[in-house]
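In case you want the letters, here they are:
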Amino acid sequence: QVQLVESGGGLVQPGGSLRLSCAASGSIFSINAMGWYRQARGKQRQLVASITSSGSTNYADSVKGRFTISRDNAKNTVYLQMNSLKPEDTAVYYCNANIATATTPWRDYWGQGTQVTVSS
């Protein structure tokens, strides 16, 4: 079994910062890409940022220059540093990882989601 556990969400004022973390645990053989998605109320889930196992990153245009994704392969953990937050960043943020175990092929796993609210 593989689990992704997120932490770090909360309420922050516009212009503030938050750091999200997502740790993968279980019978993990290898992790390929990891990423963060978000889903605002009434909208579809969308990619925020992703990072490959070698460290190549990709960002949604709306967060470029404000958000930074990173990972610690030794800890099977991905981070999202969010700066200069705006009200439109308000959403539930989900961690995603492409993982292979000793008994299952590569597949995507999702965290439970963490709420980020940007409001004064």
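Everything that follows concerns the structure shown earlier in this document.
A few points on the structure. As the structure is a computational prediction, the values presented were derived from the model and not from experiment. (Residues numbered from 1 in each chain as written. Predicted model: local features only at pLDDT ≥ 70, side-chain atom pairs only at ≥ 80, totals over all residues. Heavy atoms only, no water.)

### Things to note about the nonpolar core
The biggest cluster of nonpolar side chains holds 29 residues, and the ones touching the most others in it are Trp36, Leu80, Met82 and Tyr93. Broken down by secondary-structure element, the contributors of at least two residues to this core are strand E1 (2-7), strand E3 (18-26), strand E4 (28-39), strand E5 (46-51), strand E7 (67-72), strand E8 (77-82), strand E9 (91-101) and strand E11 (114-118). Excluding residues within four positions of it along the chain, tyrosine 93 makes contact with Glu6, Leu20, Trp36, Tyr37, Arg38, Val48, Phe67, Leu80, Met82, Gly113, Thr114 and Val116. (Core = buried A, V, L, I, M, F, W, Y, C linked by side-chain atoms within 4.5 Å. Buried < 20%, exposed > 50% of the residue type's maximum accessible area, 1.4 Å probe, protein only. Helix = DSSP H or I, 4+ residues; strand = E, 2+ residues; numbered from the N terminus. Contact = heavy atoms within 4.5 Å.)

### A short note on the side chain of threonine 114
One can find threonine 114 in strand E11. For threonine 114, a relative accessible area of 11% corresponds to the buried category. A distance of 3.4 Å separates a polar atom in the side chain of threonine 114 from the backbone nitrogen of glycine 9. Among residues more than four places away in sequence, those in contact with threonine 114 are Glu6, Gly9, Leu20, Ala91, Val92 and Tyr93. (Polar contact = N/O pair within 3.5 Å; in protein donor to acceptor, adjacent residues only side chain to side chain.)

### With respect to the pairing of E11
Where burial is concerned, the two faces of E11 differ: the one with Thr114, Val116 and Val118 is buried and the one with Gln115 and Thr117 is not. As paired elements, strand E2 (residues 10-12) and E11 share three bridges and run parallel to each other. The partner of valine 12 across the bridge, within E11, is valine 118. Two elements, E9 and E11, share three bridges in a ladder whose sense is antiparallel. The partner of alanine 91 across the bridge, within E11, is valine 116. (Pairing = 2+ DSSP bridges.)

Take it as geometry only, folks, not as evidence of what the structure does.
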